[in-house]
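# Examination of the molecular architecture
So the chains spell out like this:
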Amino acid sequence: MSKKTTKRAVEVINTELVFPTHTNHYGTIFGGRVLELMDTTGALAAMRFANEEAVTASIEAIDFKKPIKVGDIIELKARVIFTANTSMVVKADVFRVNKFSSKEEFACSGYLVFVAVDSNGEPRVVPQLRCVTKEEKKYCKIGEGIKKRSQERRRREAEE
Ligand SMILES: CC(C)(COP(=O)(O)OP(=O)(O)OC[C@H]1O[C@@H](n2cnc3c(N)ncnc32)[C@H](O)[C@@H]1OP(=O)(O)O)[C@@H](O)C(=O)NCCC(=O)NCCS
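Fair warning: this is a prediction, and the values are worked out from it, not measured in the lab.

Quick look at the site of the ligand now. Residues in contact with the ligand amount to 16 residues; listed here are only the nearest, Ser58, Ala84, Asn85, Thr86 and Ser87. For the shell around the ligand, the leading source of residues is strand β3 (residues 53–59), giving 4 residues. Taken together, the residues of the shell around the ligand break down into 7 nonpolar, 8 polar and 1 charged.

Laid out in structure tokens, this is it:
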């Protein structure tokens, strides 16, 4: 795919009911389960953007702000916010939704870096993200910062 191809990103939404198998003895969802859902929803956003398979390269620190309880609805919204050559930064937001009132409360948010790959696991060039709205441009800058930080981490690791 040509690097010059540009496109806008679509939001991927994933809605699930929280079952007891995914909660601790306090009846709140495991952080690891939330991460799994963020990863899956984020990967779908990346793959649909790139029209390629995509693997998770890194995940930024995530602060869990609100407990999500057994019987709640957990809703995830993910979107590509920045593209480099073969990598994409995806923002994944998590909400706790009351299944009777549909009231939505923000639970946490995270940034994940995905790399598009071919069937041999080799990185593939992705289309370039076209940011149009003020909000898209704002998150593009944030994504660029995340990309830079991950590059610095890799550089430091290579030196160690
Ligand atoms: C991600 C992966 C495909 C990168 O392969 P690689 O041979 O290191 O490729 P490169 O060094 O050419 O880097 C390719 C891109 O990945 C990015 N990248 C590589 N490692 C990264 C990391 N840890 N965090 C963020 N981006 C990373 C590079 O910055 C580069 O992006 P760019 O082309 O947009 O500039 C490879 O490391 C891999 O397969 N990792 C395992 C992925 C996986 O299995 N994830 C699931 C959980 S284990």
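Still to come is the rest of the account.
Read across the open sheet, the 5 strands follow the order β2-β4-β5-β6-β3; overall the sheet is antiparallel. The sheet is open, and its two borders are formed by β2 (12–17) and β3, each paired with just one other strand. Neighbouring strand axes in the sheet, compared pairwise and without regard to direction, differ in orientation by 30° on average. As defined by bridge partners, β3 adjoins strand β6 (residues 104–117) across 6 bridges and the pair is classed as antiparallel. Bridge pairing in β6 places Thr56 opposite Phe114. Across the sheet, helix α1 (residues 31–50) lies against β2, β3, β4 (73–83), β5 (87–97) and β6, angled at about 45° from β4, the strand it touches most. Relative to β4, helix α2 (residues 134–159) is tilted by about 80°, and along the sheet it contacts β3, β4, β5 and β6.

Bringing the nonpolar core into the picture now. Within the largest apolar cluster, 37 residues are counted, with the highest numbers of intra-cluster contacts made by Ala46, Val80, Met88, Val90, Val94 and Phe114. Elements with a minimum of two residues in this core: α1, β4, β5 and β6. Here the element with the most residues in this core is α1; it accounts for 8 residues. Every residue in contact with Met88, bar those within four places of it in the chain, is listed here: Ala46, Phe49, Ala50, Val80, Thr83, Phe114 and Val126.

Calculation criteria
Residues numbered from 1 in each chain as written. Predicted model: local features only at pLDDT ≥ 70, side-chain atom pairs only at ≥ 80, totals over all residues. Near = placed C-beta within 6 Å. Helix = DSSP H or I, 4+ residues; strand = E, 2+ residues; numbered from the N terminus. Nonpolar A, V, L, I, M, F, W, Y, C, P; charged D, E, K, R; others polar. Pairing = 2+ DSSP bridges. Axes fitted to C-alpha atoms, helices over the stretch in contact; angles between N-to-C directions. Contact = placed C-beta atoms within 7 Å. Core = buried A, V, L, I, M, F, W, Y, C linked by C-beta atoms within 7 Å. Buried ≥ 20, exposed ≤ 12 C-beta atoms within 10 Å, placed from the backbone.

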